[in-house]
Amino acid sequence: MDLTYTEEEEDFRARLREWLAKVLPGLPPKPAATDWPGRRAYDAAWQRMLYDAGYAGLHWPRDAGGQGATPTQHLIFLEETERAGAPYVGASFVGLLHAGPTIAAEGTAEQRARWLPPILRGDEIWCQGFSEPDAGSDLAALRTRAVRDGDTYVVSGAKIWTSHAEVADWCELLVRTDPAAPKHRGISWLAMPMDAPGVTVRPLRTLAGSTEFAEVFLDEVRVPVGNRVGAENDGWRVTMVTLSFERGTAFVGEVVACRRVLGALARTARANGRWDDAVLRRRLGRLSAEFAALWRLTQWNVSEAQGSGGVPGAGGSVFKLRYSHARQELYDAAAEVLGAGALDADHAWVADRLSSLSYTIAAGTSQIQQNIVAERILGLPKGR
Amino acid sequence: MTGPVDFQLTDDQRALRAGTRELLAGRFDRDRLRASVDDPALDRALWRELGAAGFFALRLPEEAGGVGLGLPEAALVFEEAGRALLPGPLVACQVLAGVVDGVATGEKIVGLCDGAGEPWLWEHPAACDELIVADGGAQGRTGGAFRSAPDRVVCAPMASVDPLTPLARLTDLPRGEPLPLDVPRLRREAALLTAAQQLGSAARTVEMAVGHAREREQFGVPVGSFQAVKHLCAQMLVRAEIARSAVYAAAVTESVLDVTGAKLLADEAAVRNARDCLQVHGGMGFTWEADVHLHLKRAWLRAECWGVASEAEELLAAALVD
Ligand SMILES: Cc1cc2nc3c(=O)[nH]c(=O)nc-3n(C[C@H](O)[C@H](O)[C@H](O)COP(=O)(O)OP(=O)(O)OC[C@H]3O[C@@H](n4cnc5c(N)ncnc54)[C@H](O)[C@@H]3O)c2cc1C
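What comes next is a walk through the structure. (Residues numbered from 1 in each chain as written. Chains lettered and ligands numbered in written order. Predicted model: local features only at pLDDT ≥ 70, side-chain atom pairs only at ≥ 80, totals over all residues. Heavy atoms only, no water.)

1. Topic: the nonpolar core
For step 1, the next point in the chain: Membership of the largest hydrophobic core comes to 194 residues, with the highest contact counts inside it found for Trp126(A), Trp189(A), Leu265(A), Leu284(A) and Phe291(A).
For step 2, the next point in the chain: Core analysis: the next-biggest nonpolar cluster, separate from the first, contains 22 residues, Val155(A), Ala196(A), Ala214(A) and Val221(A) among them. (Core = buried A, V, L, I, M, F, W, Y, C linked by side-chain atoms within 4.5 Å. Buried < 20%, exposed > 50% of the residue type's maximum accessible area, 1.4 Å probe, protein only.)

Here it is as structure tokens:
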């Protein structure tokens, strides 16, 4: 058990801080939540700045165009960028955290050369086309069909809840290539260009009012067989690699952000008099312990992954269960601090309160995470 | 030069934990545990064996006959003690090993009374050769420590809710011989070691619940195949693992806030896990015969020692606006 950083790591942190202090003041103002072209441009420009400064794909392997940084350096990066108030990964999320790492791990040299550099430079945005109207928690029940026609797949079906679909160039798409096989065995992973004929995107409004995700209809879309990553019908395994990345480190920066928000909540409460309420004070005190422990759990998971070759383990489910709940508690506490001010939809905490409601659903619901913990970690029998 | 941040246990730490588990499995197995329920008088021979194994001298320097290890190692050992429900003033003897002669070796047993808030409780009064009182002072953060012979201490008996921990209530705080002790530090260490025991108990009750859920069948299947049961177990693990991260980190940093947060989360994990473990056991969980109540009652007791939830939450809240 050692929580001290090496000289090299402290050096890395110092250089990063210096760079952030230099570039952040020059950033343009954040676009409105409803301005998707503006959001894409903003997120892509930030990614480009990271790329030019040598911080893009920090934790990706060098042969994938990354910096080959240690998980600890990656953690420092997420901690420092969040602390400095740097932009969130935003529209680059799927490229950097799901599709990219999957291609890096499972793609051919040619596929890596084609898709990874534009992700790192912020030139191409990806979305994730996994969920379908009838395949959510039971993702393997997906029905979108891909029928082979020479060296192309002809894809038909419908995807739903596809985040950033409106502005994406590529979609990491799960399709059924063998309808006769058991459901986990007949799935393949394709990179589908979003501008291909037959792709229709219909944005869906979230309860927060903006269109964060969309329905994607696929009508005989032709995707080259060369766009398949991994073997035909091996897409489920390829996908599991992606999902473990998603559950592993995706929320690290947010934990740091939550600790910052908690401090701001307490100071606001003191200024507006609600601090006199011991119940509220104690609630915030407990949350402080929660987020501190979540941060330590992240360090624990990261140093465990460091020891096991980089793929985050089932510990990610333990983290996600507690974190998603704590985040919702945090913003409920924020509403208590704001009082009737919590009815002002323009308040940043109110917007975050609304978005926090998705945390126990997206990327595997809390119920599914509990099944995973019970069955895969605790070894309880599968069943109903 | 240090290595990269490595929160995992070292090989030595793993060996220490395994060794402690083995020692306790051999010397304090379930039969002994149940025998102690009937007769909670401390087993002096076992105490000396713990002493010989370095249980109390763990953090004393090697020149002083100790093992020269730190708080993280002590936390691992105490986690095992909590798992096994090992009774006795373990925390007192660990934090006072260098202060009272004979404690490090297990020859003598010392009690430690927290004078910060009433009631002033004394664990295992009949077993203690001496009693140290950590005086409250304002908020219990300052104040001194005093040593008294047990026969000088005025106390009233109290029927302890925990069958394994006899208690007495001091009717007056004896200010005997003053001791040059760093009381805030003592409190911090006591809180951390108590939290480590809570962690051990919390992790143990997950195992007990999971074990029962796999064995016990209803409707023709193990009850652990029902989601309602699975999800109870999953949340138990989450609580234990959150507490583990907090306790281990606090053992390394020794900061007041980290220790306070760790105690808060470990108390919650131990108490709530014992409750859920009881639920998973059904009617069996409500019996004297099952060990579940022993975990629950000890968890309640430890939650009252060295910082209760309300104090911890207020302290952490105050730090947010500092
Ligand atoms: C903000 C947001 C963004 C998203 N972005 C994307 C994206 O970019 N790409 C993508 O592919 N998907 C995305 N999703 C979809 C997300 O992964 C699914 O919503 C999620 O997996 C749940 O599926 P579902 O909505 O069909 O709910 P259902 O699976 O229908 O679940 C309904 C309820 O039943 C419960 N339930 C279902 N099965 C079980 C079971 N076996 N045991 C116990 N309870 C069960 C669930 O927990 C839930 O409470 C996003 C979702 C949200 C909210």
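Next comes the rest of the description.
2. Considerations on the sheet that holds strand 2 (residues 120-123) of chain B
Residue and element names in this part refer to chain B.
For step 1, the next point in the chain: Strand order in the open sheet made by the 3 strands is 2-6-5, with antiparallel pairing throughout. If you trace the sheet from one side to the other, it starts and ends with strand 2 and strand 5 (155-158), each paired once. Adjacent strand axes in the sheet meet at a mean angle of 35° when their direction is disregarded.
For step 2, the next point in the chain: Sheet analysis places strand 2 next to strand 6 (residues 167-170), joined by 4 bridges and oriented antiparallel. Its bridge partner being in strand 6, Trp122 is matched across the sheet by Ala168. (Pairing = 2+ DSSP bridges. Helix = DSSP H or I, 4+ residues; strand = E, 2+ residues; numbered from the N terminus. Axes fitted to C-alpha atoms, helices over the stretch in contact; angles between N-to-C directions.)

3. Concerning helix 1 (residues 11-27) of chain B
All names here are of chain B.
For step 1, the next point in the chain: Its 17 residues give helix 1 an end-to-end C-alpha distance of 24 Å, which sits within 8% of 24 Å, the value for a rise of 1.5 Å per residue.
For step 2, the next point in the chain: Every buried residue belonging to helix 1 is among Gln13, Thr20 and Leu24, and all of these are buried. The arc that holds every buried residue of helix 1, seen down its axis, measures 30°, which confines them to one face. For helix 1, the exposed residues lying more than 90 degrees away from the buried face are Asp11, Asp12, Glu22 and Gly26.
For step 3, the next point in the chain: If you follow the buried residues of helix 1, they end up packed against helix 3 (44-52) and helix 4 (71-84). (Expected span 1.5 Å × (residues − 1). Arc of directions from axis to C-beta. Contact = heavy atoms within 4.5 Å.)

4. As for the interface of chain B and chain A
For step 1, the next point in the chain: Contacts between chain B and chain A engage 52 residues on the former and 49 residues on the latter.
For step 2, the next point in the chain: The junction of chain B with chain A conceals about 4700 Å² of combined surface from both sides, 64% of it contributed by carbon and sulfur atoms.
For step 3, the next point in the chain: Glu313(B) is the partner of Arg282(A) in a salt bridge, and the nearest nitrogen-oxygen pair spans 2.5 Å.
For step 4, the next point in the chain: Joining chain B to chain A, the criterion identifies 13 residue pairs in polar contact (both at pLDDT 80 or more).
For step 5, the next point in the chain: Elements represented by at least two residues in the side of chain B that touches chain A include exactly helix 4, helix 6 (183-215), helix 7 (227-253), helix 8 (256-281) and helix 10 (309-321) of chain B.
For step 6, the next point in the chain: Among the elements that make up the side of chain B that touches chain A, the one with the highest residue count is helix 7 of chain B (17 residues). (Buried area = accessible area lost by both parts, 1.4 Å probe. Salt bridge = Lys/Arg side-chain N within 4 Å of Asp/Glu carboxyl O. Polar contact = N/O pair within 3.5 Å; in protein donor to acceptor, adjacent residues only side chain to side chain.)

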